[in-house]
Amino acid sequence: MKSITFSNGDKMPVVGLGTWKSKPGEVYQAVLWAIESGYRHIDCAAIYENEKEVGNALQKAFNDGLVKREELFITSKLWNSNHRLDDVVPALKKTLKDLRLEYLDLYLIHWPVSFKQGVSFAQTREEFFTYRDVPLVQTWEGMEEAKMMGLVKHIGVSNFNIAKLEEVIKSCQFGPEMNQVEMHPFLPQDKLVNFCKANGILMTAYSPLGSGDRAASSKKSNEPSLLDNNIVKELASKHMASPAQILISYSVQRNIAVIPKSVNRERIIQNLASIEINLDESDMEKLANIGIAYRFIDGSFFTGAQSPYKLTDLWEK
Ligand code: A2P
């Protein structure tokens, strides 16, 4: 299995199963199909509200002898409501309990946005913490504590831009080892990729297929489609592959982990098989010049009228 490597030599399989939007009732079977078909990397998060089901599927896989714990790479993420120093380890312990695991391979700060404890999605001003209330470095200290306790092997962040990575790196004991962000040919993130590379931070691409199964309320009416894009389709014909496989292969080719979500057995199998596709330089060049720039997950659900956060706080200028 092709993998990317942390500085201590630990490996992360480059293609993992995404579980955002996988409903309880679907995700159990999806995780088992994935493990049966050779996936060794599952991407989870507390806010996906399906970690218990994922945990049950992992237990079933262990009990049936499909795979051993140490052969799997499991990621989860700290939700925005647990950013205070004293809340990080308890939130992680809840995730470990739900996933029925003793340790995670990777734990990430999900978003650089803080809510008061118990708030799933802050709406009113009172439900938010500001950076002054809870600086990101405080949350990072909690992540370091989790690592020192042996509850997680690697720690990192998600949805962090260069300025926020620098803020953490400046005052940390151990820097972030991973930055998981939206990435695909419409959002290649070249500047961020170069910064992460220069600072020894690995990357994971989320929403590699454009996350077409998002709630209608979080979609714009004029969104471009990655899976229907002509250049992607042309490369799919050339490689006798599907458009999704080309999009997954795009990240693999850049040594960036990628976590396509699926709850369909054929598509789960097909997505892992993308590893076999070799996009050449001219293919990558075509994707680099696709001519559309678009961010599907723009974070605007965190930046409403009452929020102390602005979209300009989140992304690169
Ligand atoms: P499904 O779960 O029914 O397979 P993303 O990973 O960008 O969030 O995209 C997830 C969406 O893409 C889901 O709607 C998922 O549907 C769909 N999907 C996953 N794999 C494929 C594939 N190989 N071809 C087409 N659509 C796919």
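Residues numbered from 1 in each chain as written. Predicted model: local features only at pLDDT ≥ 70, side-chain atom pairs only at ≥ 80, totals over all residues. Heavy atoms only, no water.

1. Some points on the packing of helix α5 (residues 162-171) against helix α6 (residues 190-198)
Heads up, the rule is: Axis lines are fitted through C-alpha atoms, for helices just across the contact stretch, and the angle between N-to-C directions can take any value from 0 to 180 degrees. Secondary structure elements are taken from DSSP: a helix is a run of H or I of four residues or more, a strand is a run of E of two residues or more, and numbering for both begins at the N terminus. Note that the term roughly parallel is reserved for angles under 35 degrees, roughly antiparallel for angles over 145, roughly perpendicular for angles of 65 to 115, and oblique for everything else. Handedness of each helix crossing follows the sense of rotation of the near helix against the far helix: counterclockwise by less than a right angle gives left-handed, clockwise gives right-handed. The contact criterion used throughout is that any non-hydrogen atoms of two residues lie within 4.5 Å.
Relative orientation of the contacting elements α5 and α6 amounts to 20°, with a least axis distance of 10 Å. Put simply, α5 runs roughly parallel to α6. For α5 against α6, the interelement crossing comes out right-handed. Along its contact with α5, which presents Ile162, Leu165, Glu166 and Ile169, the element α6 presents Lys191, Leu192, Phe195 and Cys196.

2. Notes on α5
Note the cut-off: Categorising residues by exposure relies on relative accessible area from a 1.4 Å probe, with only protein chains included: less than 20% of the type maximum marks a residue as buried, more than 50% marks it as exposed, and the intermediate range marks it as partly exposed. By definition, the arc is the one covered by directions from the helix axis to the C-beta atoms.
Turning to α5, its buried residues are Ile162, Lys164, Leu165 and Val168. Along the axis of α5, the buried positions cluster into a sector of 165°, meaning they face one direction only. Buried residues in α5 make contact with α4 (136-148), β9 (152-158), β10 (178-182), α6 and α11 (311-314).

3. Let's talk about the site of the ligand
Our working rule: We call a residue near a molecule or strand when any one of its heavy atoms sits within 4 Å of it. Two N or O atoms form a polar contact when they lie within 3.5 Å of each other; inside protein one atom must be a possible hydrogen donor and the other a possible acceptor, and for residues adjacent in sequence the pair counts only when both atoms belong to side chains. Surface exposure here means Shrake-Rupley accessible area, sampled with a 1.4 Å probe, where a residue is shielded only by the protein chains that are shown. Only protein atoms enter the 1 Å grid used here, on which a cavity is any set of points holding a 1.4 Å probe that cannot leave and a pocket is any open set flanked by protein within 12 Å on both sides along at least five of seven lines; residues with an atom within 4 Å of a point are listed as lining. Pocket occupancy is defined atom-wise: a molecule lies in a cavity or pocket when more than half of its atoms are within 2 Å of its grid points.
Among the 17 residues in the neighbourhood of the ligand, the closest are listed as Ser211, Lys261, Ser262, Arg267 and Gln270. Between the ligand and Asp213, the relevant distance is 3.5 Å, taken from an oxygen atom to a side-chain nitrogen or oxygen of the residue. Protein contact buries 84% of the 570 Å² of open area that the ligand shows by itself. Among the cavities detected, the one that contains the ligand is the largest pocket. With 3 residues, helix α9 (residues 265-272) is the single largest residue contributor to the shell around the ligand.

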